[in-house]
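# Working through the structure, step by step
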There are 2 protein chains.
Amino acid sequence: MDKAKNYHMSPDEFRKYGKEIIDWIADYYENVEKYPVLSQVNPNDIKKQLPETPPAESESFDQIIADVNNIVMPGITHWQSPNFYAYFPSNSSGPSVLGDLLSSGLGVQGMLWSTSPACTELETQVMDWLSQMLQLPEKFKSSSTGGGVIQDTASSAALSAVLAAREQKTNYLTNDKGCTGKLTAYISTQTHSSVEKAIKIAGIGKENLRLIGVDENLAMKPEALEKAISEDLSAGLTPFFVCASVGSTSTNAMDPLIPIGEISRKYKLWMHIDAAMSGTAAICPEYRHFLNGVEYADSFSFNPHKWMFTNFDCNCFFVADRSALIKTLSILPEYLKNKATESGAVFDYRDWHIQLGRRFRSLKLWFVIRHYGVNGLQYHIREHIRMAQEFAEWVKSSDDFYLVAPAPLNLVCFRHKGNDEFNKNLLETINKTGKMFFSHTVINGQYVMRMCIGQTNTQPKHVIEAWKTIQETAEELLNQDK
Amino acid sequence: MDKAKNYHMSPDEFRKYGKEIIDWIADYYENVEKYPVLSQVNPNDIKKQLPETPPAESESFDQIIADVNNIVMPGITHWQSPNFYAYFPSNSSGPSVLGDLLSSGLGVQGMLWSTSPACTELETQVMDWLSQMLQLPEKFKSSSTGGGVIQDTASSAALSAVLAAREQKTNYLTNDKGCTGKLTAYISTQTHSSVEKAIKIAGIGKENLRLIGVDENLAMKPEALEKAISEDLSAGLTPFFVCASVGSTSTNAMDPLIPIGEISRKYKLWMHIDAAMSGTAAICPEYRHFLNGVEYADSFSFNPHKWMFTNFDCNCFFVADRSALIKTLSILPEYLKNKATESGAVFDYRDWHIQLGRRFRSLKLWFVIRHYGVNGLQYHIREHIRMAQEFAEWVKSSDDFYLVAPAPLNLVCFRHKGNDEFNKNLLETINKTGKMFFSHTVINGQYVMRMCIGQTNTQPKHVIEAWKTIQETAEELLNQDK
């Protein structure tokens, strides 16, 4: 690399190094179980190995890859390990990575239909496919009043929903006049923190967000929701938004969509459904019932980047009335005006989310759906649920462990009969081995272990090994205490 | 692909198809000039070729790629063509695409330090490198009070700045209590529309956003800014935010940072600098003066995905006081708590932006900086500017065309001496040939062509051809009219 060749990587070099990276990734997938799942480094361990100043001269690709291996890799927590059971998964697959690669290579920026019509139209079609796979009501389809758009994360989708709800409730005047402090929103105590964040960002104020109580299954209590709405109305406030969760992050609790939907309709609230991970299950007919009530919703979102083999980031956000969303988020400076937009015959997705620019994310989703087919996707979702249900049975029939919440799908929340400190110690001891990685939550004041099965390559043998490790580690810790 | 092999793409298949995609991209780069730059399809041309229902069974990778070639490619507007002069560029490079591929392959989700320490620490270091390359004040470095974070777009960065400014000005009470309608913000008539969008999203209200007039170079008038602030103060309002542009989107106008900075300090406004494209020029010492005054700023953002050979999306957002940003955007539900976060020894970047989840974007930026070296990046930035300046000279010495705004760097705004209709016709006629792609703006009511030179592979021969085409097409149109 020198000035004579203008520093650029030539197509031939790109072929050579590109194939090396492809092999690197394939090797990684073949060997991912050899790495500690949870990175074992300490703060600053990675940073201190990196030069403090940027290189003045170009460096060789071989050197860069050597540094990936030696410096970066010890600092990776392996989300693609079959032994990753923490949080919600962020799973991936070969076709997704290659679709994403093609998107990077094409380097199109799809802010407007005209800046790459295929970027918009493929996305519209793939979102319509998904609405069929999930059996969403007709109103969420592009051929009807609504449609789908790919966003980065469920956080951005929730923010978009809050904003459209805010504007719709205030005759699209808040965009102009600012918030008045009269609007109130409703979530449960279990709703993902991103909705609270959205309420703050949108200028609504956390004090105007009601945390509705939950029942013994940690699902929102509709009667408590209606009571809160009534009280706010009596106090002269304006209820405008409710978020129901299909699978809360903490325990996969399922809010009752139908009564919440009826209440939201009665009081004219925008109903958003956050089905970030668990929405994917609804592509299997036997799990579609978790979405019953979605017909009441104004917006719905789930993340193929969690449990549908599509690498991060890929959130799918559907609205029933796209005009509400577009009126809320549209901007049209002169330098973005064009004939296609003016004709009204096209979608310009920059008006469907916070950002202006957008990459060609539908490619990877299209690759995934076509590579697996709906049958292939269903097969793996069923396998994950089957393994989790089996794990839940082992816990239930154990003398030392017990379930702490229902396990409707692929997340099992459980704990040892010992105290919080013991459970915390158990989790951290296992994570420290690097053999597998769990995360925790707190339910009713108690420390709880979470086992979420959704990584692409998790197989029964891994789950068996996990249960064995949990039991053996607990026994070792008990023996140490003696 | 069948159930027996679980539908997954095997590592060997991944190697095979991955290398095919690498070759596909290399072929694309070698042949990109053969495609029409602006896609020539009509609305629905792409969508109607796609099946209305998703495939039940898995399809072959060869079929998917065939559909990319036959269905998708005609709908691509080629941002990576050297003949792309529209908007701002969204350029890319081999090392960036490969760094992004590695990020997709690793599939880590860096919401917390602990969910992949390398994802956080490499980002911190690369952002510190960039702050050196741009000669940003010490306060923007992670070792001082501030630091940098990669966001998706300048829109999200501007929103983050508005929110931190809003909270800082209101003692972090707006997050809790909601907006009061008393805050006022300031931009110029030329500021990017994303700031207006951010003001709306944040609940401030467009009516509380002052569009400050500009001088003959389309730069914000500091005296008009101070007057607007004074009037708002007199009216009992609370000025809180000003955005200065280093290179407006319409014409690359340069707002005067020093007087704006002095005013923002005098009246205690948060000063954000949007240098989306032109910030990159400041890595060359001779263009660093465009950032003089950044020492007054509270936040600064620019997009390596525009003009620094890093594929979309990659915005770099720097703050002088990270605690203001973190206090504004932090959330910490139980299920995300961990020892490293509690120790305070690490950054958790999910508290630095809107989203919770985040991909490993610093890899591609690290690959680019190391592959090119600072010298290589400077070389290309200088080449782009040199070509644009040469083009501007041709326009100036032409009898038929003239410059409509100063061309400080790589964007030339010009028009034919004919009327608006003629200029519009000229632009559309050229774009319709597919040989090159320009976009337009309106300045002082006049339709203006924009020639922005920043695509990775644009060389003098392309710019010569562009000027020739513009002149010849104008003549043809004039002859047609006769």
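Before going into details, it helps to say that this report is about the structure given with it. From a predicted model like this one, the values you see are computed outputs, not experimental measurements. (Residues numbered from 1 in each chain as written. Chains lettered and ligands numbered in written order. Predicted model: local features only at pLDDT ≥ 70, side-chain atom pairs only at ≥ 80, totals over all residues.)

A tally of regular secondary structure across chain A gives 15 helices and eleven strands. Computed over its C-alpha atoms, the radius of gyration of chain A comes to 24 Å, within 12% of the 23 Å expected for a compact globule of 482 residues. Along the first, second and third principal axes, the C-alpha set of chain A runs to 70 × 60 × 45 Å. Burial statistics for chain A: of 482 residues in total, 62% are counted as buried. Residue pairs at least 24 apart in sequence account for 74% of intrachain contacts in chain A once pairs closer than 6 positions are excluded. (Helix = DSSP H or I, 4+ residues; strand = E, 2+ residues; numbered from the N terminus. Rg over C-alpha atoms; globule rule 2.2 N^0.38 Å. Buried ≥ 20, exposed ≤ 12 C-beta atoms within 10 Å, placed from the backbone. Contact = placed C-beta atoms within 7 Å.)

Right, let's talk about the environment of Ile 71 of chain B for a bit. Along the chain, Ile 71 of chain B falls in helix 2 (residues 61-72). Setting aside residues no more than four positions away along its own chain, Ile 71 of chain B makes contact with Ile 46, Gln 49 and Leu 50 of chain B.

Residue and element names in this part refer to chain B. Taken in spatial order, the four strands line up as 8-9-11-10 in an open sheet, and their pairing is antiparallel. Both outer strands of the open sheet, strand 8 (401-403) and strand 10 (439-443), are each paired with one neighbouring strand and no more. Taken over all neighbouring pairs, the strand axes of this sheet differ in orientation by 40° on average, direction set aside. Judged from the three bridges that link them, strand 8 and strand 9 (residues 411-416) form a sheet pairing that is antiparallel. Bridging from a neighbouring strand, Leu 403 pairs with Phe 414 of strand 9. Against the sheet, helix 13 (residues 362-396) touches strand 8, strand 9 and strand 11 (446-452), its axis set at about 20° to strand 9. Here helix 14 (residues 420-433) sits on the sheet in contact with strand 9, strand 10 and strand 11, set at roughly 30° to strand 11. (Pairing = 2+ DSSP bridges. Axes fitted to C-alpha atoms, helices over the stretch in contact; angles between N-to-C directions.)

Time to look at helix 2 of chain B. Listing the buried residues of helix 2 of chain B in full gives Phe 61, Val 68 and Val 72 of chain B. Buried positions in helix 2 of chain B, seen along its axis, are confined to an arc of 45° and lie on one side of it. Opposite the buried face of helix 2 of chain B, by more than 90 degrees, sit the exposed residues Asp 62, Gln 63, Ala 66, Asn 69 and Asn 70 of chain B. Buried residues along helix 2 of chain B sit in contact with helix 3 (94-106), helix 4 (117-133) and helix 13 (362-396) of chain A together with helix 1 (11-31) of chain B. (Arc of directions from axis to C-beta.)

Here we take up the relation of the copies chain B and chain A. Two chain copies here: they are related by a rotation about an axis and a translation along the same axis. When chain B is fitted to chain A, the best match, at an RMSD of 0.0 Å, comes from turning it 180° and sliding it 0.0 Å along the axis. Put plainly, the chains are arranged around a two-fold axis. A shared binding surface is used by both copies, with 100% of the interface residues of chain B retained as interface residues in chain A. (Least-squares fit on C-alpha atoms with pLDDT ≥ 70 in both.)

All names here are of chain A. Across the eight residues that make up strand 4 (residues 238-245), a large majority, seven, are buried. Pairing of strand 2 (residues 183-188) with strand 4, which is carried by four bridges, proceeds in the parallel orientation. Note that in strand 4 the partner of Tyr 186 across the bridge is Val 242. Taken together, the five bridges between strand 4 and strand 5 (residues 270-274) define a ladder with parallel strand orientation. Counted as the bridge partner of Val 242 is Met 271 from strand 5.

Here we take up the interface of chain B and chain A. Chain B puts 128 residues into the contact, and the matching count from chain A is 128 residues. Broken down by element, the side of chain B that touches chain A gets its largest block of residues, 15 residues, from helix 1 of chain B. In terms of residue class, the side of chain B that touches chain A is built from 57 nonpolar, 48 polar and 23 charged. (Nonpolar A, V, L, I, M, F, W, Y, C, P; charged D, E, K, R; others polar.)

Another point: the sheet that holds strand 4 (residues 238-245) of chain B. Each strand in a sheet pairs with its neighbour through backbone hydrogen bonds, running either in the same direction (parallel) or in the opposite one (antiparallel). All names here are of chain B. Pairing is mixed in the open sheet, where seven strands are placed in the order 1-7-6-5-4-2-3. The open sheet has two free edges, formed respectively by strand 1 (147-151) and strand 3 (209-212), since each of these has just one partner strand. The average angle at which neighbouring strand axes cross in this sheet is 20°, direction not considered.

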